[in-house]
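Secondary and tertiary structure notes
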Amino acid sequence: MSVAMSSTCPGLYCGRMMVNGSMEGECGVCPRGERTNQQKICERCSESPELYDWLYLGFMAMLPLVLHWFFIEWYSGKKSSSALLQHVTAMLECSVSAVITLLVTEPVGMFSIRSCRVQMLSDWYTMLYNPSPDYINTLHCTQEAVYPLYTIVLIYYAFCLVLMMLLRPLLVKKIACGLGKSDRFKSVYAALYFFPILTVLQAVGGGLLYYAFPYIILVLSLVTLAVYMSASEIQSFKSLVTKKKRLVVLFSHWLLHAYGIVSISRLDKLEQDLPLLALVPGPTLFYIATAKFTEPSRILSEGGSGH
């Protein structure tokens, strides 16, 4: 074949194996854990993930935990005192799953992973870049060029699902006595829906999420904080600090704000980026300062009086 005889391989991700210092074999897909270099030679992924890569993995790991907490709170309501224990169990499931995932990823048995550096968006979608040198036959070179950022998330979700199915039904059956039989397992059923959705999201939109997740975190945390404070009718610092649950929600959102800011800045220049964390309480202060001016009853009364 002409592809085999040419000095370089076509396409972005096709390469040859290097054996005893010389290139051998036809152009094709590199083995898992390798990707092509500029010379079109399959090279082993030996770098460590950057801070931004770890932040991305942290974001993808947080998604099922946040959804677990949301549905546990949603379906527990005020009837059951078991919500806190379910929250703790959900965190335990996700934490253990993360530890196991790190241990089974190369190098096996260590809390570190070897990876290939993400260079561009197309690295996440190598299946779209299979070349056709003669415009008839396609050379299939689909591979995980961002090893292991693509598959490690899917492995983590699988462990989360397995641990949830092993632990949560027994726990809920034992402690959720305040709920009806049909309501006890609704948070578990919800997880059986959102885990496939998260899997498809990672499979299809992993590359887009990799570049967009800091902004997604900031926007969602701002919107949910505003909705929560509005629904809870929080209009002063006094009403904010009177209940422990409100403080927990507030500090959780502040942590998400800080996570988003760190992800955007990447802390490349500490002396410039760290002061940005002072902006974290800004939205809360702005909301409390302006809440009294946007009170619906006040607006209606002023409109009715003709002011």
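Reading the values: the criteria
Residues numbered from 1 in each chain as written. Predicted model: local features only at pLDDT ≥ 70, side-chain atom pairs only at ≥ 80, totals over all residues. Heavy atoms only, no water. Helix = DSSP H or I, 4+ residues; strand = E, 2+ residues; numbered from the N terminus. Buried < 20%, exposed > 50% of the residue type's maximum accessible area, 1.4 Å probe, protein only. Contact = heavy atoms within 4.5 Å. Areas by Shrake-Rupley, 256 points an atom, 1.4 Å probe, with all protein chains shown as cover. Core = buried A, V, L, I, M, F, W, Y, C linked by side-chain atoms within 4.5 Å. Polar contact = N/O pair within 3.5 Å; in protein donor to acceptor, adjacent residues only side chain to side chain. Salt bridge = Lys/Arg side-chain N within 4 Å of Asp/Glu carboxyl O. UniProt positions renumbered as here; feature names shortened; annotations may be inferred. Axes fitted to C-alpha atoms, helices over the stretch in contact; angles between N-to-C directions. Parallel < 35°, antiparallel > 145°, perpendicular 65-115°, else oblique. Left-handed = near helix turned anticlockwise from the far one by under 90°. Disulfide = S-S within 2.5 Å.

An unreviewed UniProt entry annotates the protein chain as Jnk1/mapk8 associated membrane protein originating from Tetraodon nigroviridis.

Another aspect to go through is the overall build of the protein chain. A count of helical and extended segments in the protein chain gives eleven helices and four strands. Here the protein chain, with 307 residues, has 39% of them falling under the buried criterion. Across the protein chain, the fraction of contacts at a sequence separation of at least 24, relative to all contacts at a separation of at least 6, is 67%. Working note: accessible area of the protein chain is about 17700 Å², and carbon and sulfur atoms make up 68% of it.

This part takes up the nonpolar core. Counting residues in each nonpolar core, the largest one holds 38 residues, and the members touching the most others are Y56, W124 and F213. Counting residues per element, the ones that place at least two in this core are α2 (51-76), α3 (83-104), α4 (151-175), α6 (186-231) and α8 (244-265). No other element matches α6, which puts ten residues into this core. For Y56, the residues in contact, after removing those within four places along its chain, are W124, L149, Q202, G206, L209, Y210 and F213. Listed in part, the six residues of the second largest apolar core include I234, L240, L250 and I288.

Once that is clear, we can look at the side chain of S221. Examined against the element boundaries, S221 turns out to sit in helix α6. A distance of 3.0 Å separates a polar atom in the side chain of S221 from the backbone oxygen of L218. Within the local environment of S221, its side chain forms a polar contact with the side chain of H257, the two groups lying 2.9 Å apart. Setting aside residues no more than four positions away along its own chain, S221 makes contact with H253, L256 and H257.

Below, the discussion takes up the pattern of salt bridges. One pass over the structure, following the stated rule, counts six salt bridges. A salt bridge links R168 to E93, with the shortest nitrogen-to-oxygen separation between them at 2.8 Å. Here R168, found in helix α4, pairs with E93, found in helix α3; they are 75 residues apart in sequence, far enough to count as distant. This pair shows no difference in class: R168 is buried, exactly as E93 is. Among the charged side chains, a network of salt bridges with common partners joins E47, E50 and R117.

Cis peptide bonds are those with omega within 30 degrees of zero, and the linkage from E106 to P107 qualifies with -5°. Structurally, P107 can be placed in the loop between α3 and α4. Following Y147, the chain continues into P148 via a peptide bond in cis, with omega recorded as -5°. At K40, a position not held by glycine, the phi torsion is positive, near 65°. In this fold, K40 is placed in the loop between β3 (34-36) and β4 (42-44). A relative accessible area of 15% means that K40 is categorised as buried. In this model, Y135 sits at a positive phi of 65°, which is unusual for a non-glycine residue.

Moving on, we come to the UniProt feature "transmembrane region" (unreviewed entry) in the protein chain. Residues annotated by UniProt as "transmembrane region" (unreviewed entry) correspond here to residues 54-72, 84-104, 147-167, 188-205, 211-231 and 247-267. A distance of 25 Å separates the end C-alpha atoms of residues 188-205, which is 100% helix and 0% strand. The span residues 211-231 shows a helical share of 100% and a strand share of 0%, and its end C-alpha atoms are spaced 32 Å apart.

Their axes nearest at 8 Å, the elements α6 and α8 cross at an angle of 160°. Classified by the angle their axes make, α6 and α8 are roughly antiparallel. Considering how the two elements wind past one another, α6 and α8 form a crossing that is left-handed. Taken together, the residues of α8 that come into contact with α6 (itself represented by F213, P214, Y215, I217, L218, S221, L222, T224, L225 and Y228) are K245, R246, V249, L250, H253, L256, H257, Y259, G260, I261, S263 and I264.

What follows is about the state of the cysteines. In the structure shown here, the tally under the stated rule is four disulfides. Disulfide pairing is shown between C45 and C116; the S-S distance is 1.7 Å. The S-S bond linking C45 to C116 shows a torsion near -80°; that makes this disulfide left-handed. Pair noted here: C45 is in the loop between β4 and α2 and C116 is in the loop between α3 and α4, with a separation of 71 residues, a long-range link.

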